[in-house]
Amino acid sequence: MSGESLYPRLEPLLAQVQKPIQYVGGELNAQVKAWDDVAVHWALMYPDAYEVGLPNQGLMILYEVLNERPDALAERTYAVWPDLAALMREAGVGQFTVDAHRAVRDFDVLGVSFATELGYTNLLEALDLAGVPLHATDRDESHPVVVAGGHAAFNPEPIADFVDCAVLGDGEQAVGDITDVVAAWKQQGRPGGREELLARLARVDGVYVPRFYAVSYGPDGAIAAVTRTRADVPARVGKRTVMDLDEWPYPKTPLVPLAESVHERMSVEIFRGCTRGCRFCQAGMITRPVRERTITGIGSMVDQGLRATGYEEVGLLSLSSADHSEIGQVAKELADRYEGTNTGLSLPSTRVDAFNVTLANELSRNGRRSGLTFAPEGGSERIRRVINKTVSKEDLVATVTTAYANGWQQVKLYFMCGLPTETDEDVLEIAELAVEVIRAGREASGRKDIRCTVSIGGFVPKPHTPFQWAAQASAETIDHRLRVLRQAINADRRIGRSIGLRYHDGKPGVIEGLLSRGDRRVGRVIERVWREGGRFDGWSEHFSFERWTAAAGAELAPFGVDLDWFTTRERTQDEVLPWDHLDSGLDKEWLWDDWQDALSEEEVADCRWTPCYDCGVCPTNGTEIQIGPTGRSLLPLTVVGR
Ligand code: B12
Ligand code: SF4
């Protein structure tokens, strides 16, 4: 029977696996609706382990939005670890949801959230475990429609063979529209079968159905053209944008994980989008324009969420939280409201700016003052101009020193390595900076026990950014630069021991690069890697570079291209990029001009505070940048804790 629980058959397996609690569901605020009461059943998947997937904001939002509809239900499913997967195969238990342990195979829609490309092999594993054919063209109308969403879906070409649709942009309204289409098609007796359903979905704003677009390649290996194969689907698919975030105050009742997770606090998204214009940042580019939640909206979400979860810490999230036009007031009023309670408030990593230390001081009035994180991203002023994240060395050292002087003991600094035009010298300046920060910090605070952690990641060029044309640095280059950086930091032990260095080798970044800027031919590489045992590629203990390079060599050679062609090759202006038919709202010419500006180390300002420079997004969305101040104030303190 459809919608039946697999739990009786799953339970005996759980005793034999690691961390079985992650598979049992029943979290605070989880929902189980009756199968037969609704028309459309959604399984929502985060293609990574429970501990990473559960706190994911995007999926939590969609789960609630869908479950609020009387005609739909949504349940969650996460990637199962290889130990359980093996037992499930032996026992014939399919991929299941954690809510009611129903078979994913029974659902109408399987929505998968791709925040990172390294989750692709986990999609194949889940499809296979679910008993859903890997290739979209092998599915019939009894199989769920597989829908990809999230930032990586802005170039879904590498997974085009495996998904039925990809949703570009915000999901809040799109999942409702998809539900309407599926409900109507089912209610009409499934006319035209799966093909007709997909054709209807392809006409929903923001929904891309890869099978209706044919890709041809030229003799040089590059794409010659992408053409639609039906006249009734759009030639270019545009993204969805929720313009008024206050109308979508989700999650209202956030899920509280049963098992340990990567983010154990409540999150309130204070705005979406970013116009700072950091050239490496795909999230910033594709989520434009900026849409702020009002101060009242934030206040009530914090209040309601805390009461619904019992959390003692709230993160005020966004891509650059200190940029909310009323952040000073938000911080002050929240700190006032929760003063004397056990509730802690925090901001995620911020730009290097003295104002942010003031903000952090304000938010931590309640006591806990563990660590502050800044993200200068580039080691030298020159490279910071290239990436458009300009801050002078003096300001950087002064800001961090202010933090130490204000009683912060730990400061984390995030950097990237392998940025376009980067040299060893740019990276070595990270060491100089860290040393200077510790010296000045010891002096200003009068303490010897202050620490600075330098966290450094390899840069991966992403679609829909000015760096989409850039040559990615090779793994060898990244590894070499990290080696010289480590030596430089350790050169003076008296200072070096106060500096922590966290980094990964360059290899996973190369594969992320292949998957980020890949086209449909890369799908074969993903499938081969999965067939050869590839899973959980975001985890170093599971990732095998050799497996990926061997698969890429074998699968790409017949097309006359290879791993380097997709990664370390710089693209020319006239090359058709695999995602050109997918519209993030940004003009390709503007992106190209910004790429040229990067090469000549020219910066652009944040258009929130300066005149529009015509990136293209606002006219596409029929809007203008909107910011506060609204003049409205937060809810009164009295409601808390009652
Ligand atoms: C900004 C950001 C942060 C910020 C703020 C997060 C936030 N606003 O929620 C901060 C700094 C706090 C942060 C923290 C962390 N992050 Co983070 N973060 C991001 C980033 C860049 C964007 C996330 C975001 O904007 N979320 C806002 C929500 C509302 O948007 P969304 O998830 O995209 O979902 C919307 C749409 O995309 C769409 N959608 C999404 N999925 C689907 C699916 C379907 C079917 C449909 C139709 C639509 C749809 O609908 C949603 C609603 O509109 C992502 C990478 C990325 N590009 O997505 C990494 C990312 C998610 N973070 C990551 C990590 C590891 C973390 C931390 C664990 C880091 C740490 N060690 O503390 C924590 C955990 C936080 C958490 N809650 O899980 C990883 C996850 C790795 C993995 N294996 O999956 C990512 C992928 C970065 C990376 N490449 O490594 N993060
Ligand atoms: S269109 Fe203009 S105002 Fe809107 S995000 Fe782009 S540059 Fe900024």
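Summarised in this report is the structure supplied together with it. All figures in this text were calculated on a predicted structure; none of them were measured in a lab. (Residues numbered from 1 in each chain as written. Chains lettered and ligands numbered in written order. Predicted model: local features only at pLDDT ≥ 70, side-chain atom pairs only at ≥ 80, totals over all residues. Heavy atoms only, no water.)

Describing the site of ligand 1
- Close to ligand 1 lie 30 residues, the nearest being Tyr46, Asp48, Ser113, His151 and Glu172.
- At 2.6 Å, a side-chain N or O of Asp48 approaches a nitrogen atom of ligand 1.
- Here an oxygen atom of ligand 1 and a backbone polar atom of Gly171 are 3.0 Å apart.
- Every element with two or more residues in the shell around ligand 1 is listed here: helix H3 (57-68), strand S3 (109-113), strand S4 (145-149) and helix H6 (172-187).
- Per element, the largest residue contribution to the shell around ligand 1 is 4 residues, and it comes from H3.
- Grouping the constituent residues of the shell around ligand 1 by class yields 14 nonpolar, 11 polar and 5 charged. (Near = heavy atom within 4 Å. Polar contact = N/O pair within 3.5 Å; in protein donor to acceptor, adjacent residues only side chain to side chain. Helix = DSSP H or I, 4+ residues; strand = E, 2+ residues; numbered from the N terminus. Nonpolar A, V, L, I, M, F, W, Y, C, P; charged D, E, K, R; others polar.)

A look at the environment of Ala403
- Examined against the element boundaries, Ala403 turns out to sit in helix H13 (residues 393-405).
- Each C-alpha atom, one on Ala403 and one on Gly371, is 9.4 Å from the other, the two residues being 32 residues apart in sequence.
- When sequence neighbours within four positions are dropped, the list of residues in contact with Ala403 reads Val357, Leu372, Trp408 and Val411. (Contact = heavy atoms within 4.5 Å.)

What to know about the pairing of strand S15 (residues 371-377)
- Among the 7 residues in S15, 6 count as buried, and that is most of the element.
- Relative to strand S16 (residues 410-417), S15 runs parallel, the two being bridged by 5 bridges. Note on S16: the bridge partner recorded for Leu372 is Val411. (Buried < 20%, exposed > 50% of the residue type's maximum accessible area, 1.4 Å probe, protein only. Pairing = 2+ DSSP bridges.)

Here we look at the pattern of salt bridges
- By the definition in use, this model includes 52 salt bridges.
- Put simply, Lys462 and Glu512 hold a salt bridge, and the shortest N to O gap is 2.8 Å. One end of the pair, Lys462, is in the loop between strand S17 (451-458) and helix H15 (475-490); the other, Glu512, is in helix H17 (residues 507-516), and 50 residues separate them in sequence.
- With relative accessibility at 19%, the residue Glu512 sits in the buried group. (Salt bridge = Lys/Arg side-chain N within 4 Å of Asp/Glu carboxyl O.)

Side note on the site of ligand 2
- In the vicinity of ligand 2, the residues found are Thr275, Cys607, Cys612, Tyr613, Asp614, Cys615, Gly616, Val617, Cys618, Pro619 and Ile625.
- Tallied by class, residues from the shell around ligand 2 come to 8 nonpolar, 2 polar and 1 charged.

Some words on a negative patch on the surface
- A cluster of acidic side chains, namely Asp353, Glu381, Glu394 and Asp395, defines a negative patch on the protein surface.
- Here Asp395 shows up in helix H13. (Patch = residues over 30% accessible without salt bridge, like charges linked within 9 Å, V, L, I, M, F, W, Y side chains within 5 Å. Areas by Shrake-Rupley, 256 points an atom, 1.4 Å probe, with all protein chains shown as cover. Lys, Arg positive; Asp, Glu negative; His and termini not counted. Charge placed at Lys NZ, Arg CZ, Asp CG, Glu CD.)

Things to note about the sheet that holds S15
- Strand order in this open sheet of 4 strands is S15-S16-S17-S18, and the pairing throughout is parallel. The strands lining the two open edges of the sheet, one partner per strand, are S15 and strand S18 (499-503). Put simply, the sheet's adjacent strands are angled 20° from each other on average, direction ignored.
- Pairing of S17 with S18, which is carried by 5 bridges, proceeds in the parallel orientation. Across the sheet, residue Thr453 finds its bridge partner in S18, namely Gly500.
- Where helix H14 (residues 424-445) meets the sheet, it contacts S16, S17 and S18, and its direction lies at approximately 165° from that of S17.
- Relative to the sheet, H15 contacts S16, S17 and S18, its axis offset from that of S18 by approximately 170°. (Axes fitted to C-alpha atoms, helices over the stretch in contact; angles between N-to-C directions.)

With respect to the nonpolar core
- With 119 residues, the main nonpolar core has Trp42, Leu84, Phe96, Leu127, Leu201 and Ile526 as its most contacted residues.
- Contact partners of Phe96, with chain neighbours within four places excluded, come to Leu6, Leu10, Tyr23, Arg76, Thr77, Val80, Leu84, Met88, His101, Arg102 and Val104.
- Counting 35 residues, the second largest nonpolar core, distinct from the first, contains Val357, Val427, Ala434 and Val454. (Core = buried A, V, L, I, M, F, W, Y, C linked by side-chain atoms within 4.5 Å.)

A short note on unusual backbone geometry
- The omega torsion across Tyr250 and Pro251 is -10°, close enough to zero to call that bond cis.
- Residue position: Pro251 is located in the loop between strand S9 (237-238) and strand S10 (266-269).
- That bond from Arg288 to Pro289 is cis: its omega, -5°, falls within 30 degrees of zero.
- Within the secondary structure, Pro289 is located in the loop between helix H8 (282-286) and strand S12 (291-292).

Notes on the packing of aromatic side chains
- Taken as a whole, this structure holds 14 aromatic pairs when the rule is applied.
- When the ring of Trp81 is compared with that of Trp539, the centres are 4.9 Å apart and the planes differ by 80°; the resulting orientation is edge-to-face. Taken together, the positions of Trp81 in the loop between strand S2 (72-78) and helix H4 (82-91) and Trp539 in the loop between helix H18 (522-531) and helix H19 (545-556) put the pair 458 residues apart, joining distant regions of the chain. You'll find Trp81 and Trp539 in the same group, each marked buried. (Phe/Tyr/Trp six-rings, centres within 6.5 Å; stacked < 30°, edge-to-face > 60°.)

Some remarks on the state of the cysteines
- Evaluated as defined, the whole model comprises 0 disulfides.
- The thiol of Cys278 is not disulfide-bonded; the next cysteine sulfur, from Cys274, is found 6.1 Å away. (Disulfide = S-S within 2.5 Å.)

A word on the side chain of Asp99
- Tracing the sequence through the fold places Asp99 in the loop between H4 and S3.
- A polar contact of 2.9 Å, which involves the side chain of Asp99, links it to the side chain of Tyr63.
- Polar contacts involving the side chain of Asp99 include one to the main-chain amide nitrogen of Arg76, which spans 2.6 Å.
- Sequence-distant contacts of Asp99, that is, excluding residues within four places in its chain, are made with Ala30, Gln31, Val32, Tyr63, Glu75 and Arg76.

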